[in-house]
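Listed here are the chains, written in short residue letters.
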Amino acid sequence: MQSSILVGVNGPAVWVRVEGKGNFLNSGNLKEFAQEMVNRGYREFIFDLEHCAMMDSTFMGTMAAVALRLKELGQGHLHVVHCGERSLQLLSGLGLDQIFDIHSNGAAAPDCQKMKEGAHDGDEGEKKERAETMLEAHEALCEAAPENLSRFKDVLDYLKQDLQQTTARK
């Protein structure tokens, strides 16, 4: 299945439309984009999941990191629109319904541009960056809902160990 992340701005809101899969391959680019938009002063993020086939924990953790950053700044929200039953189960199962505004319907996204393509199996630098994004995403899931720590303890340990080995090889 072809996956892409489409992004656009409509007034004060940043729109992110997930086409296909939201996963660890496109989470790094999403993280960079969201950080840049927050740095530019945007505080409202709308994730449109109408055409989202699935999300993995790294992608949901990246979304959580955006919401937590907005909370830290004391302004803004992360909204999820066109959230189907399966996506709602995934988000709720990780306690993210507590930090996101989730709606089954919503306005249509504005014209959106395709975000640059996700990382490929590349050099050590890309692999390290991907591992860092995955670690940050899972840490955000645990910060958003402390009960997630028991779910992701092994993942966190593995990612930390993998990063240490990658750094040691350099």
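Attention here is on the structure that accompanies the text. Predicted model only: the values in this text are computed from it and were never measured. (Residues numbered from 1 in each chain as written. Predicted model: local features only at pLDDT ≥ 70, side-chain atom pairs only at ≥ 80, totals over all residues. Heavy atoms only, no water.)

1. Focus: the overall build of the protein
In step 1: Helices and strands together make up the secondary structure of the protein, namely five helices and six strands.
In step 2: Secondary structure elements of the protein, listed N to C terminal, follow the sequence β-β-α-β-α-β-α-β-β-α-α.
In step 3: By the burial criterion, 46% of the 170 residues in the protein qualify as buried.
In step 4: Pairs at least 24 residues apart make up 70% of the contacts formed inside the protein by residues separated by at least 6 positions.
In step 5: Carbon and sulfur atoms make up 47% of the accessible area of the protein, which totals about 9,000 Å².
In step 6: With 18 positive and 26 negative side-chain charges, the protein shows a spacing of 3 Å between the two charge centroids. (Helix = DSSP H or I, 4+ residues; strand = E, 2+ residues; numbered from the N terminus. Buried < 20%, exposed > 50% of the residue type's maximum accessible area, 1.4 Å probe, protein only. Contact = heavy atoms within 4.5 Å. Areas by Shrake-Rupley, 256 points an atom, 1.4 Å probe, with all protein chains shown as cover. Lys, Arg positive; Asp, Glu negative; His and termini not counted. Charge placed at Lys NZ, Arg CZ, Asp CG, Glu CD.)

2. What to know about the environment of Thr167
In step 1: Structurally, Thr167 is set in helix α5 (residues 148–169).
In step 2: Thr167 gets classed as partly exposed once you look at its relative accessible area, which sits at 43%.
In step 3: Spatially, the C-alpha atoms of Thr167 and Ile102 are 39 Å apart, while their sequence positions differ by 65 residues.

3. What to know about the side chain of Ser87
In step 1: Considering the arrangement of structural elements, one finds Ser87 in helix α3 (residues 85–93).
In step 2: A residue is classified by how much of its surface remains accessible, and Ser87, at 8% relative accessible area, is buried.
In step 3: Apart from the residues lying within four places of it in its own chain, the contact partners of Ser87 are Leu49 and Met55.

4. Regarding the pattern of salt bridges
In step 1: Applying the stated rule across the entire model yields six salt bridges.
In step 2: A salt bridge links Arg17 to Glu19; the nearest nitrogen and oxygen atoms lie 2.8 Å apart.
In step 3: Taking relative accessible area as the criterion, Arg17 reaches 22% and is therefore assigned partly exposed.
In step 4: Classification of Glu19 by relative accessible area gives partly exposed; the value is 21%. (Salt bridge = Lys/Arg side-chain N within 4 Å of Asp/Glu carboxyl O.)

5. Points about the pairing of strand β2 (residues 13–22)
In step 1: Taking burial as the measure, the 10 residues of β2 include seven buried ones, the bulk of the element.
In step 2: One ladder, built from seven bridges, connects strand β1 (residues 4–10) with β2; its direction is antiparallel. In the sheet register, Ile5 faces β2, and the bridge partner there is Val18.
In step 3: Following the backbone out of β2, through helix α1 (residues 24–39) and into the adjacent parallel strand β3 (residues 44–55), one traces a crossover that is right-handed. (Pairing = 2+ DSSP bridges. Right-handed = clockwise from strand over helix to strand, strands pointing away.)

6. Focus: the nonpolar core
In step 1: Grouped together as the largest cluster of nonpolar side chains are 42 residues, with contacts concentrated most on Phe45, Phe47, Met55, Leu78, Val80, Leu91 and Leu96.
In step 2: It is helix α2 (residues 57–73) that provides the largest number of residues to this core, a total of eight residues.
In step 3: Residue contacts for Val80: discarding those within four places in its chain leaves Phe47, Leu49, Met63, Leu91, Phe100, Asp101, Ile102 and His103. (Core = buried A, V, L, I, M, F, W, Y, C linked by side-chain atoms within 4.5 Å.)

7. Focus on helix α4 (residues 124–144)
Each full turn of the α-helix corresponds to 3.6 residues, which orients residues three or four apart in the same direction.
In step 1: Here α4 contains 21 residues, and its C-alpha end-to-end distance of 30 Å stays within 8% of the 30 Å for a straight helix at 1.5 Å per residue.
In step 2: Along α4, the positions that sit buried rather than exposed are Arg130, Ala131, Thr133, Leu135, Ala137, His138, Ala140, Leu141, Cys142 and Ala144.
In step 3: The inward-facing, buried residues of α4 abut α1, α2 and α5. (Expected span 1.5 Å × (residues − 1).)

8. Quick notes on the sheet that holds β2
In step 1: Ordered in space as β5-β4-β3-β2-β1-β6, the six strands form an open sheet in which the pairing is mixed. One side of each edge strand has no neighbouring strand; the edge strands of this open sheet are β5 (101–102) and β6 (113–114).
In step 2: Packing of α1 onto the sheet brings it into contact with β1, β2 and β3, and relative to β2 it is tilted by some 180 degrees.
In step 3: Packing of α2 onto the sheet brings it into contact with β1, β2, β3 and β4 (77–81), and relative to β3 it is tilted by some 170 degrees. (Axes fitted to C-alpha atoms, helices over the stretch in contact; angles between N-to-C directions.)

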